[in-house]
Amino acid sequence: MGCADRQRQNMHRHGLLGYMLCVVVLSLVEVVSATYGLNYENAAFVGVKPAVFDNKRTSSFEQKRLLSSRLYSTTTTATTMTSGQGFSPAVVVVKDEKEEESSLSSGQVKERLLDLLPRMRGEAEEFRQVESYVNLLEADYEPALTLDFFNLAMGGEWQLLFSTNLSGSVQKIRLRELIQRIDPKQLDGTITNIATWDLSEGEGGVFDVTGTFSVKCDYEIEQGSRMKVELKDHLLEPARGSKIPQDVQGLVGLLHRAMPTELFDPNDVNIDTTYLDADLKIVRLTGSRYEGIRNIFIRRNSVQINPTSNEAK
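Residues numbered from 1 in each chain as written. Predicted model: local features only at pLDDT ≥ 70, side-chain atom pairs only at ≥ 80, totals over all residues. Heavy atoms only, no water.

What follows covers the layout of surface pockets. By volume, the largest pocket amounts to about 730 Å³. Around the largest pocket, the lining is made up of 28 residues, and of these Leu-160, Leu-161, Phe-162, Ser-163 and Leu-166 lie nearest the centre. At six residues, strand 4 (residues 173–185) tops the list of elements feeding residues into the lining of the largest pocket. Among the residues forming the lining of the largest pocket, the class breakdown is 15 nonpolar, eight polar and five charged. (1 Å grid on protein atoms, 1.4 Å probe; cavity = no way out; pocket = protein on both sides within 12 Å on 5 of 7 lines; lining within 4 Å. Points joined across faces, edges and corners; volume = space filled by probe spheres on them. Helix = DSSP H or I, 4+ residues; strand = E, 2+ residues; numbered from the N terminus. Nonpolar A, V, L, I, M, F, W, Y, C, P; charged D, E, K, R; others polar.)

This is how it looks when you write it as C-alpha cells:
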C-alpha cells in the first residue's frame, strides 16, 4: 500500500472516530436535557439588555443576569418563573398562556401593562403578570445608540406607576403623586424626586396640610448608559395657603415610610434603563443598597390612566 493510500485510510478512520464522538456528546446533552428539563435557549426570566452606546460591549451585570436566566430555564409543560430581580416569589405559569403572551406585539404588551398597573390590589398573580409583561418589553427593546438620543428620550418629568419596594399605606399621610424630573447634560445631569403629599394632623382624619417633598440629586453616566446617583439635598415645602405642619421631623419620618426608599434616599444608587420609549420607562437599580429593585414610570401627562377600566369584566 502506498503512502497516499495509507494517509487516506488514516483520515477516514480519524473522521469516523470524530463523528462517533460528536454523536456521543450530542446524545449526552439530549439525555441531560430530558432528565432535568434544561433548555439553554429559552430563559424563564429573560436577561434584560441595559442600554449601551456600544453594541459590542456587554456589562458584567448583564452577563450575570443571562447566566442565571439560563440556569433556571425549563422545558416542562409549566414554565417555572423565577422571581427575577425585585419581583414577587416564584410562581408557575401555564405554557399556553406564555405562548399567547409571546405572540403579542410590544405595543399590545405595553397597553396591557398600563391597563393593569393602576388597578393592582397586591395579589401574587398581578405581580407575576407585571413581571411577564416587563420581560416581553425588555426582550424586544433596542437601546439608544447615541448619547444625544438617550438624553433626549430620558429628559423630562416621569410619574412613578410601580415599584417592587413599596411598603404599603401609612396612616396620617397620603401621597398624591411621585414625580421624577430628569435634566440631562451630556454625561451628567440632575434628578429630582418630587412627592406631593397631604397630611392629617387632627383627630377627625381631615387632610388639611399639604405640600411637596423634593429629593435633589446629581448623576453621572458610566458603563454604557448606567446612571450613578449622588444625593444632594432634601427640601420640604408647604403648598400655598396650606397650614404649616406642627411636627416637621415627624412629617419627614412619615414621608420616609410612605415613599420607596430608593427615591427618598438614592445616594450611591446605580440606575440601569432596561426599557425606554416616548412615554414609558422601566429601570432596574444595582448596588449594595437597592440591588434588583424595579421601577416603572410613565411620562407625566402623556398617558391617561384609568384605575377603573375593565373593573366590571
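The next thing to look at is the nonpolar core. In terms of nonpolar packing, the biggest core is built from 57 residues, with Val-130, Ile-173 and Ile-296 touching the most fellow members. Apart from residues no more than four positions distant in its own chain, Ile-296 is found in contact with Leu-113, Leu-117, Val-130, Val-134, Gln-159, Leu-160, Leu-161, Phe-162, Leu-280, Lys-281 and Ile-282. (Core = buried A, V, L, I, M, F, W, Y, C linked by side-chain atoms within 4.5 Å. Buried < 20%, exposed > 50% of the residue type's maximum accessible area, 1.4 Å probe, protein only. Contact = heavy atoms within 4.5 Å.)

Counted by the stated rule, this structure contains two cavities of 30 Å³ or more. Approximately 140 Å³ is the volume attributed to the largest cavity. Taken together, 18 residues form the lining of the largest cavity, with Gln-180, Ile-191, Val-229, Leu-263 and Ile-271 sitting closest to its centre. For the lining of the largest cavity, the elements supplying multiple residues, two or more each, are strand 4, strand 5 (188–199), strand 7 (226–238), helix 8 (261–264), strand 8 (269–276), strand 9 (280–286) and strand 10 (294–299). The leading source of residues in the lining of the largest cavity is strand 9, at three residues. The residue inventory of the lining of the largest cavity, partitioned by class, reads 13 nonpolar, three polar and two charged.

Moving on, we get to unusual backbone geometry. One non-glycine residue, Gln-186, lies in the positive phi region at around 60 degrees. Residue position: Gln-186 is located in the loop between strand 4 and strand 5. Phi is positive for Asp-268, close to 60 degrees, though the residue is something other than glycine. Mapped onto the secondary structure, Asp-268 falls in the loop between helix 8 and strand 8. Judged by its relative accessible area of 47%, Asp-268 falls in the partly exposed class.

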